[in-house]
Amino acid sequence: MTLPMTRRQFLRDSTAGSLSLAALAHAQAAAQATAVSSNPPRAGDYCLYFGDLHNHSAVGYAQGSLERAFEIARNHLDFFAFTPHGYWHDIGRYEKGIEKKWLDGFEVTKQRWPEVLEMVRRYDRPGQFVAMAGYEWHSRSLGDYHILFPTTEAEYLRFDDLRQFQQFAKERGAIMIPHHPANRLGHRGANLEWLDPAVSPVLEMYSEWGNAEHDRAPYAYVRHTECGRWTKNTLHHFLAQGHRLGVIASTDDHLGYPGGYREGLAAVMVKELTREAIFDALRHRRVYAVTGDRIRLDFQVNGRIMGTEMPYAKQRELAVTVTGWDQLDRVEILKNNRVIHRDFPMDRVPTQRSWEEPVLLRFEYGWGPWAALDMTRICDWDIDIRLENGRLEDVQTCFQAGPLDETRRDKIVARSTQHLRIQSFTALRQQFEDIPTKGVVLKIRGTPETRVEVSLRSPTTVSLSQTFRQLADSGETLFTGDFPKESALLHRLVFHDHYHTSYRVSDVDDGRQVSWYYLRAVQANNQLAWSSPIWVEPAAGAARSEFRL
């Protein structure tokens, strides 16, 4: 008897059929923008860093002090570009005169621009933390951009003409990044007919606005006055039209909190942590996007890394390595916007040998009084996490923007191979996606007998102790008091089998059309990562046919 296929078996065995693409003239022009190298760069030549290239504060019309933003960024990011609201050339006159909010904010940016540059100079420490300056340009008709400057000799100027703005950027070696592109054209959605790839090599495909991969992708556009995602302004449509764009994410946060968890981060592949190296990575599209967890991606086609263009090859070897900070639900290779291979790491069954690799342990804290109870207090956390018979190898923080507070900070205040101390704060207000918790993820090398103890100094003195044997079976909770007091959770362990995958897949192509490949990783906690594409040129003299979505 033949058993019915499970969903995962069906998806694993399914592949997309071949696609045909139009021979678009602007696609050929884009292909010439990046020279095809006979000696391509290798992923191993680069280090990986994470940062935020689009963030707002009270300089402009958002909230939070300027210095607080830079201090927060330095505490948990590798690089940060502050991008205050700068100008809106075609702003209208709106109900209740709300345009005054924007117009007043632009004046604040103009007046305080010297302070922005001074703050960048003060915090920039090449090799440790990179600070950059920029500002945002709004446009109903052409879409929003933010400009990033390669030096601190950056000018704040207002432009009514996008071509003049792009020329200004070229002359200064600056980069302009279109963001929240999936709004409807004419409603601040990206108008890529005006895109200049020389100054705009990448697209901000994810931020607190939502996800612009395609119009059915997770994280819809729901948090702003404008409508949801317009199909023709999504990444999939842009790629199908021949645009060659790398992808990043950044927060676009308005609480002055760079790197807010789940709001988006940019990953860059660089040889050193400097502003010059980050700009080089952006120009060559050696970049990718993550929503929150700092998922590590290495995706190659015939040894070419993400963002590159390569000559036609009939046989393509696709190499994938992904390391997450939670269970990897699936890792997908897309060709011409269609999934051609899926891997399901979380379906693997750990064995005794799984203890030979580090495990992940997530500690999440917050929760507290339901908002309807009208208890808006801030809870201050002072947390010690200690290991017995285990070794702490790495830590990822999961700090989010809310609640807005000028004096408090989320930070790691002490760390060793057996101990971690965190000071943080939570509240049931201003939280992103209605999730009031923060957290840390620990990568620990241990055994079933390794013991972890979590002790609170604040908001009260309570503790929780568990062995890894227990946490492999179930997570455990910690309560700071009777209902409705705040609580915390030690999540169930995540084994290396589940958070890491590495494999190769072959693809054969007749070369009748240009092809593009990219990688998408989806964790069980709904955090995602997307690589920049790799393009493979068609065979010489190949006939071309129309693209079909």
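These figures come from a predicted structure and were not determined experimentally.

K.L.:
What is the right way to look at the overall build of the protein in this model?
P.N.:
If you tally the helices and strands in the protein, you get nine helices and 31 strands. Taken over the C-alpha trace, the protein has a radius of gyration of 24 Å; the compact-globule value for 549 residues is 24 Å, and the two agree within 12%. Expressed as lengths along the three principal axes of its C-alpha atoms, the size of the protein is roughly 70 × 70 × 45 Å. Buried residues in the protein amount to 60% of all 549 residues. Residue pairs in contact within the protein that sit at least 24 positions apart in sequence constitute 74% of those at least 6 positions apart. Of the accessible surface of the protein, which amounts to about 22500 Å², a share of 48% is contributed by carbon and sulfur atoms.

K.L.:
Would you mind going over the sheet that holds strand S12 (residues 296-301) with me for this structure?
P.N.:
Sheet strands associate in pairs through backbone hydrogen bonding, adopting either a parallel or an antiparallel arrangement. Here four strands make up an open sheet; going across it, the order is S13-S12-S15-S28 and the pairing antiparallel. With one partner strand each, in any of the chains shown, strand S13 (304-305) and strand S28 (500-508) form the two edges of the open sheet. Pairing between S12 and strand S15 (residues 315-323): six bridges, direction antiparallel. Bridging across to S15, Asp 298 finds its partner in Thr 321.

K.L.:
Could you clarify how one ought to interpret unusual backbone geometry in this entry?
P.N.:
Note: most residues except glycine have negative phi, and most peptide bonds are trans. In this structure, the amide linkage connecting Ser 458 to the following residue, Pro 459, adopts the cis form with an omega of 15°. Along the chain, the position of Pro 459 falls in the loop between strand S24 (451-458) and strand S25 (463-467). Cis geometry is found at the peptide bond from Phe 483 to Pro 484, where omega equals 10°. Here Pro 484 lies in the loop between strand S26 (476-479) and strand S27 (487-490). Located in the positive-phi region is Asn 302, a residue other than glycine, with phi close to 50°. Its location among the elements puts Asn 302 in the loop between S12 and S13.

K.L.:
I keep staring at the state of the cysteines and nothing clicks. Help me out?
P.N.:
Any covalent bond linking the sulfur atoms of two cysteines counts as a disulfide. With the rule as written, the count across this model stands at zero disulfides. Free of any disulfide, Cys 398 has its nearest cysteine sulfur in Cys 379, 18 Å distant. Classification of Cys 398 as buried rests on a relative accessible area of 3%.

K.L.:
When you look at the packing of helix H3 (residues 66-76) against helix H4 (residues 99-123) in this model, what are you seeing that I'm missing?
P.N.:
Two quantities define a packed helix pair, namely the angle between the helix axes and the distance between the axes. Put simply, H3 and H4 touch, their axes get as near as 11 Å, and they point 25° apart. As summarised for this structure, H3 and H4 are arranged roughly parallel, according to the angle between their axes. Considering how the two elements wind past one another, H3 and H4 form a crossing that is right-handed. Between H3 and H4, the residues in contact are Leu 66, Glu 67, Phe 70, Glu 71 and Arg 74 and Arg 112, Glu 115, Val 116, Met 119, Val 120, Arg 122 and Tyr 123, respectively. Among the residues forming the contact of H3 with H4, the class breakdown is six nonpolar, no polar and six charged.

K.L.:
What should I look at first to understand H4 in this one?
P.N.:
Each α-helix turn comprises 3.6 residues. Residues three or four places apart therefore point the same way. Helix length check: H4, at 25 residues, gives a terminal C-alpha distance of 33 Å against a target of 36 Å (1.5 Å per residue), a fit within 8%. Considering bend angle alone, the principal kink of H4 is centred on Arg 112 and spans about 60°; proline Pro 114 follows within four residues of it. Among the residues of H4, those classed as buried are Glu 99, Trp 102, Gly 105, Phe 106, Thr 109, Trp 113, Val 116, Leu 117, Met 119, Val 120 and Tyr 123. Packed against the buried residues of H4 are H3, strand S2 (79-82), strand S3 (85-88), strand S4 (130-138) and helix H7 (275-283).

K.L.:
Can you walk me through a nonpolar patch on the surface in this structure?
P.N.:
A contiguous nonpolar patch, built from Trp 370, Leu 373, Met 375 and Phe 483 and spanning about 500 Å² of accessible area, is present on the exposed surface. Structurally, the position occupied by Trp 370 is in the loop between strand S18 (359-366) and strand S19 (379-388).

K.L.:
Explanation requested: the packing of aromatic side chains in the structure shown.
P.N.:
Aromatic ring pairs are described here by two measures, namely the spacing of the ring centres and the angle between the planes. All chains considered together, the criterion is met by 28 aromatic pairs. Between Trp 113 and Tyr 156, the aromatic rings sit 6.0 Å apart at their centres with planes inclined by 40°, giving tilted as the arrangement. Taken as a pair, Trp 113 in helix H4 and Tyr 156 in the loop between strand S5 (145-148) and helix H5 (162-171) lie far apart in primary sequence, 43 residues in all. Residues Trp 113 and Tyr 156 agree in their burial class; the two are buried. Three or more aromatic residues joined by ring pairs make a cluster, and in this case those are Trp 113, Tyr 135, Trp 137, Tyr 145, Phe 149, Tyr 156, Phe 159, Phe 165 and Phe 168.

K.L.:
Is there a simple way to explain the side chain of Thr 501 in this structure?
P.N.:
Relative to the helices and strands, Thr 501 resides in strand S28. Side chain to side chain, Thr 501 and Asp 343 meet in a polar contact 2.7 Å long. Ignoring anything within four residues of it in the chain, the contact list for Thr 501 reads Val 320, Thr 321, Val 322, Leu 328, Val 331, Asp 343, Pro 345 and Arg 348.

K.L.:
I tried to follow the side chain of Asp 343 on my own but got confused; where do I start?
P.N.:
Relative to the elements of secondary structure, Asp 343 occurs in strand S17 (residues 338-343). Classification of Asp 343 as buried rests on a relative accessible area of 14%.

K.L.:
Got a minute to help me understand the confidence of the model for the protein in this structure?
P.N.:
When pLDDT is low, close inspection of the predicted coordinates is not appropriate. Here the protein averages 91 in pLDDT, and 91% of its residues register 70 or above. Segment residues 1-38: pLDDT under 50, and 64 contacts once partners within four positions in sequence are set aside and those in other chains are kept. Low pLDDT, under 50, characterises residues 545-549; the predicted model gives this stretch 18 contacts beyond four residues in sequence or across chains.

K.L.:
Before we go on, may I ask you to explain the sheet that holds strand S9 (residues 246-249) in this structure?
P.N.:
Spatial strand order, S8-S7-S9: three strands in an open sheet with mixed pairing. The outermost strands of the open sheet, each flanked by one partner alone, are strand S8 (210-211) and S9. Both strand S7 (residues 202-207) and S8 contribute to a ladder of two bridges, which runs antiparallel. Among the inter-strand pairings, Ser 207 is bridged to a residue of S8, identified as Gly 210.

K.L.:
Is there a simple way to think about the pattern of salt bridges in this case?
P.N.:
Where charged atoms of side chains with opposite charge meet at close range, the side chains can pair. Counted by the stated rule, this structure contains 39 salt bridges. Two residues, Asp 104 and Lys 100, come together in a salt bridge whose shortest N-O distance is 2.5 Å. Of the two residues, Asp 104 and Lys 100 both sit in helix H4, four residues apart, roughly one turn of that helix. Taking relative accessible area as the criterion, Asp 104 reaches 36% and is therefore assigned partly exposed. Given the relative accessible area of 52%, Lys 100 is considered exposed. Arg 353 serves as the salt-bridge partner of Glu 356, at 3.8 Å between the closest nitrogen and oxygen. Residue Arg 353 is classed as exposed on the basis of its relative accessible area of 63%. Connected through shared salt-bridge partners, Glu 213, Asp 329, Arg 330, Glu 332, Arg 342 and Arg 520 make up one network.

Definitions and limits used
Residues numbered from 1 in each chain as written. Predicted model: local features only at pLDDT ≥ 70, side-chain atom pairs only at ≥ 80, totals over all residues. Heavy atoms only, no water. Helix = DSSP H or I, 4+ residues; strand = E, 2+ residues; numbered from the N terminus. Rg over C-alpha atoms; globule rule 2.2 N^0.38 Å. Buried < 20%, exposed > 50% of the residue type's maximum accessible area, 1.4 Å probe, protein only. Contact = heavy atoms within 4.5 Å. Areas by Shrake-Rupley, 256 points an atom, 1.4 Å probe, with all protein chains shown as cover. Pairing = 2+ DSSP bridges. Disulfide = S-S within 2.5 Å. Axes fitted to C-alpha atoms, helices over the stretch in contact; angles between N-to-C directions. Parallel < 35°, antiparallel > 145°, perpendicular 65-115°, else oblique. Left-handed = near helix turned anticlockwise from the far one by under 90°. Nonpolar A, V, L, I, M, F, W, Y, C, P; charged D, E, K, R; others polar. Expected span 1.5 Å × (residues − 1). Bend = angle between axes of the 7 residues up to and from the residue. Patch = residues over 30% accessible without salt bridge, like charges linked within 9 Å, V, L, I, M, F, W, Y side chains within 5 Å. Salt bridge = Lys/Arg side-chain N within 4 Å of Asp/Glu carboxyl O. Phe/Tyr/Trp six-rings, centres within 6.5 Å; stacked < 30°, edge-to-face > 60°. Polar contact = N/O pair within 3.5 Å; in protein donor to acceptor, adjacent residues only side chain to side chain. pLDDT = per-residue confidence, 0-100.

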